[in-house]
Amino acid sequence: MDTLSYKTISANNSTVEKQWVVVDAQAAILGRLASEVAKILRGKTKPSFTPNVDCGDNVIVINADKVRLTGDKWDAKVYVRHTGYPGGQRISTPRILKQKSSAILVEKAVRGMLPKNRLGRKMYGNLYVYEGAEHPHAAQQPKAITL
């Protein structure tokens, strides 16, 4: 038996095939949507997944303003940040963030599920979130998937 016939194939930047995908967030629960989007961004849905390569697809999330949260999370969940100055801790809730832009909610949820390193920041750059049903990426001919 030839030992080379069972070689593990590892993807690299030149062999990876990136596609464009549209995900509709209409009536989707935020955390469940974000985990599926993070898997697609990471490339875990592909058979050629390699952990140290950006082999995920480009993901377009539309209708981010229609995303749902279960229970009392609109007011009970808190996002904490710090300005860097003494006494500079700032707290906001999903309701406050949605008033600014509902795309921020989806972006924060997905970013928290990606790796916390250079590769994770590069994968996050492949995410495009829009509040309405329209997006400017029609030229890439994205395929719609249901989660």
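The shown structure was predicted, so the numbers you read here are calculated from the model rather than taken from an experiment.

A. Highlighting the overall build of the protein. Broken down by element type, the protein carries five helices and six strands. Taken from the N to the C terminus, the helices and strands of the protein come in the order β-α-β-α-β-β-α-α-α-β-β. Along the longest, intermediate and shortest principal axes, the C-alpha atoms of the protein span 65 × 40 × 30 Å. Classification of the 147 residues of the protein by burial places 37% in the buried group. Of all intrachain contacts in the protein linking residues separated by at least 6 positions in sequence, the fraction that spans at least 24 positions is 68%.

B. Just unusual backbone geometry, in detail. We note that Ala 27 has phi near 60°; this positive angle belongs to a residue other than glycine. One can find Ala 27 in the loop between strand S1 (20-24) and helix H1 (30-42). In this structure, Gln 141 is a non-glycine residue whose phi angle is positive, near 50°. Note on placement: Gln 141 falls in the loop between strand S5 (127-129) and strand S6 (143-145).

C. Highlighting a positive patch on the surface. Taken together, Arg 81, Arg 90, Lys 100, Lys 108 and Arg 111 make up a surface patch of like positive charges. Its relative accessible area of 40% is what places Arg 90 among the partly exposed residues.

D. Focus on the sheet that holds S5. Across the sheet, four strands lie side by side as S5-S2-S1-S6; this open sheet has parallel pairing. Since the sheet does not close on itself, it has two edges, and those belong to S5 and S6, each with one partner. Going across the sheet, the axis of each strand differs from the next one's by a mean of 25°, ignoring polarity. In terms of strand pairing, S1 meets S6 through three bridges, oriented parallel. Considered in S6, the bridge of Val 23 is made with Ile 145. Against the sheet, H1 touches S1, strand S2 (58-62), S5 and S6, its axis set at about 155° to S2. Across the sheet, helix H4 (residues 102-111) lies against S2 and S5, angled at about 155° from S5, the strand it touches most.

Thresholds applied
- Residues numbered from 1 in each chain as written.
- Predicted model: local features only at pLDDT ≥ 70, side-chain atom pairs only at ≥ 80, totals over all residues.
- Heavy atoms only, no water.
- Helix = DSSP H or I, 4+ residues; strand = E, 2+ residues; numbered from the N terminus.
- Buried < 20%, exposed > 50% of the residue type's maximum accessible area, 1.4 Å probe, protein only.
- Contact = heavy atoms within 4.5 Å.
- Patch = residues over 30% accessible without salt bridge, like charges linked within 9 Å, V, L, I, M, F, W, Y side chains within 5 Å.
- Areas by Shrake-Rupley, 256 points an atom, 1.4 Å probe, with all protein chains shown as cover.
- Salt bridge = Lys/Arg side-chain N within 4 Å of Asp/Glu carboxyl O.
- Lys, Arg positive; Asp, Glu negative; His and termini not counted.
- Charge placed at Lys NZ, Arg CZ, Asp CG, Glu CD.
- Pairing = 2+ DSSP bridges.
- Axes fitted to C-alpha atoms, helices over the stretch in contact; angles between N-to-C directions.

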